[in-house]
Amino acid sequence: MPSGNLEDRLASLSASATDDAGVVTVTVGGTGVVTDLRLDDRVQLLSGEALSAEILRTMRRAQAALAEQTTEAEEEPPSPIMPAAPPFPTFQNTPTLPHQTPGNGFESGRDSRAR
């Protein structure tokens, strides 16, 4: 599955289904819209009513398969683009040595005795 945000991944999904006789094949895109319809030459043996019913039944199967893929795509945790940054350091104005006191050269990063 391609990387990217969830919307892009869902848009790239598609599912196909074929009826039991192998006469009708329907492909639906990520939104559930039919993107391809293939009919075998044997459709000429079916009545118009039977053919339309088989197309709709096969289309529903493809949409159900797409719904399963969509559920799986939504359950996948998003992959991080880059590792998490370490926490930003906090600079506290506390002396590190007992003889250093704030306001006595400590803020500049120098020891007050080094003047």
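Now for a look at the structure at hand. All values reported here derive from a predicted model rather than from experimental measurement.

The next thing to look at is the sheet that holds strand S3 (residues 34-39). What the 3 strands build is an open sheet, ordered S1-S2-S3; its pairing is antiparallel. Whereas interior strands pair on both sides, the edge strands pair on one side only; in this sheet they are strand S1 (14-18) and S3. Between one strand axis and the next, the sheet turns through 10 degrees on average, direction left out of account. The pairing of S1 with strand S2 (residues 24-29) spans 5 bridges and is antiparallel. What sits directly across from Ala 17, in S2, is Val 26.

Along the chain, Glu 54 turns up in helix H2 (residues 48-75). The residues contacting Glu 54, other than those within four sequence positions of it, are Asp 19 and Val 24.

What follows covers the pairing of S3. When S2 meets S3, the two strands line up antiparallel, connected through 5 bridges. Within the sheet, the bridge partner assigned to Thr 27 lies in S3 and is Asp 36. Between the antiparallel neighbours S2 and S3 lie 4 residues, among them Gly 32 with a positive phi of about 90 degrees.

With that settled, the discussion passes to the nonpolar core. Judged by nonpolar contacts, Leu 13, Ala 15, Ala 17, Val 23, Val 24, Val 26, Val 28, Val 43, Leu 51, Ala 62 and Leu 66 together constitute the single largest core of 11 residues. Of all the secondary-structure elements, those providing two or more residues to this core are S1, S2 and H2. Those residues in contact with Val 43 that sit more than four places away from it in its chain are Val 23 and Leu 51.

With that out of the way, let us pick up a nonpolar patch on the surface. There is a patch of nonpolar side chains on the surface, built from Val 34, Leu 37 and Leu 39 and spanning about 230 Å² of accessible area. Tracing the chain through its elements places Leu 37 in strand S3.

Below, the discussion takes up the pattern of salt bridges. Counted according to the given criterion, the structure contains 4 salt bridges. Arg 61 is paired through a salt bridge with Asp 20; the nearest N and O atoms lie 3.4 Å apart. Taken as a pair, Arg 61 in helix H2 and Asp 20 in the loop between S1 and S2 lie far apart in primary sequence, 41 residues in all. Relative accessible area serves as the criterion here: at 32%, Arg 61 is assigned to the partly exposed category.

Criteria and thresholds
- Residues numbered from 1 in each chain as written.
- Predicted model: local features only at pLDDT ≥ 70, side-chain atom pairs only at ≥ 80, totals over all residues.
- Heavy atoms only, no water.
- Pairing = 2+ DSSP bridges.
- Helix = DSSP H or I, 4+ residues; strand = E, 2+ residues; numbered from the N terminus.
- Axes fitted to C-alpha atoms, helices over the stretch in contact; angles between N-to-C directions.
- Contact = heavy atoms within 4.5 Å.
- Core = buried A, V, L, I, M, F, W, Y, C linked by side-chain atoms within 4.5 Å.
- Buried < 20%, exposed > 50% of the residue type's maximum accessible area, 1.4 Å probe, protein only.
- Patch = residues over 30% accessible without salt bridge, like charges linked within 9 Å, V, L, I, M, F, W, Y side chains within 5 Å.
- Areas by Shrake-Rupley, 256 points an atom, 1.4 Å probe, with all protein chains shown as cover.
- Salt bridge = Lys/Arg side-chain N within 4 Å of Asp/Glu carboxyl O.

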